[in-house]
Amino acid sequence: MRRWLKWTAWTLAVLLLLAAGGALAVRLFLSSDQMRQLAEVQGQALLGRGVTLERLSIGLFGAEAGGLAVAGASPGEAPLLQAEEIQVFLNPAALLYKRVSLLHLSLHGVSVSAARDAGGRLSFQDILDRLAPQPAGKAPAPQPAEKAPAPQPGEGALAPPPPARAGAAVAKGVGAGFGVVIRSLELRDVRLAFASAAGPGAPAFRAACAFSSIRLSGVRAGAPLDLKAEGACTE
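Just so we're clear, the structure is a prediction, and the values are computed from it rather than from any experiment. (Residues numbered from 1 in each chain as written. Predicted model: local features only at pLDDT ≥ 70, side-chain atom pairs only at ≥ 80, totals over all residues. Heavy atoms only, no water.)

With respect to the element layout, Val-41 can be found in helix α2 (residues 32–47). Look at Val-41 and you get buried, because its relative accessible area is 4%. Each C-alpha atom of the pair Val-41 and Val-51 lies 7.6 Å from the other, and the pair is ten residues apart in sequence. (Helix = DSSP H or I, 4+ residues; strand = E, 2+ residues; numbered from the N terminus. Buried < 20%, exposed > 50% of the residue type's maximum accessible area, 1.4 Å probe, protein only.)

Here you go:
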């Protein structure tokens, strides 16, 4: 479960930071819907999965989003990740020290649906591989990204950015040399579902978890989680 939570936290943080970084730079020239499309394009380039947002609002010190969905591994599958409401508050002063600091990241109505096949491969392994830091001097293989959504009538088209380098956003932050830390993370109304196929020496099983709240502090890449959860899991 801790691995799911850390992956979820980092994925959402990177998506919101990419959205905020791009949108703040062009908010005077783009409508709210165009900023939402820009965030979707950035998320798709980063994860290699379809990413949709129903709404997005960017401010100087934070952002609010709603209706986030990250597509499943195959067409027709349930979304890997869904979040009804997301709020993030930033500490701009940390940028002076080459750090991206999220003072507080709050999510409500979070749903994660994952699986493991008979060979032990996770349904989100492709995302983990893309976000994993690459060995020095080894260039990552290019990964296909989803197509950008078509522009609405009267709006300019948003050209998709080049595919994100695997591991660049999480391992080094939004920009080269930048570290990312989440000071406080709160998730409310969380549902986790996991299904594992039978493998060598291991039976098939399904697990479902429901949490009214999950709180984490000092979330950093590679660091242990300080986690407090209220809920339970059943098999």
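Examined against the element boundaries, Glu-186 turns out to sit in strand β6 (residues 179–196). Sequence-distant contacts of Glu-186, defined by excluding residues within four places in its chain, comprise His-104, Leu-105, Ser-106, Leu-107, Ile-214 and Arg-215. (Contact = heavy atoms within 4.5 Å.)

A separate point is the packing of aromatic side chains. In this structure the tally under the stated criterion is one aromatic pair. Summarising the aromatic geometry, the rings of Phe-194 and Phe-205 are spaced 6.1 Å apart at their centres and angled 45 degrees between planes, so their arrangement reads as tilted. Of the two residues, Phe-194 is situated in strand β6 and Phe-205 in strand β7 (residues 205–220); the sequence distance between them amounts to eleven residues. Residue classification places Phe-194 among the buried positions, given a relative accessible area of 10%. (Phe/Tyr/Trp six-rings, centres within 6.5 Å; stacked < 30°, edge-to-face > 60°.)

Counting 42 residues, the largest nonpolar core has Leu-105, Leu-107, Val-110, Leu-187 and Leu-216 as its most contacted members. Of all the elements in the fold, those that place two or more residues in this core are α2, β2 (55–58), β3 (62–70), β4 (81–91), β5 (99–116), α3 (125–131), β6 and β7. Element by element, the count of residues in this core is highest for β6, at seven residues. If sequence neighbours within four positions are ignored, Val-110 has contacts with Leu-81, Gln-82, Ala-83, Leu-187, Arg-188, Asp-189, Val-190 and Arg-191. (Core = buried A, V, L, I, M, F, W, Y, C linked by side-chain atoms within 4.5 Å.)

The analysis is restricted to geometry; functional conclusions fall outside its scope.
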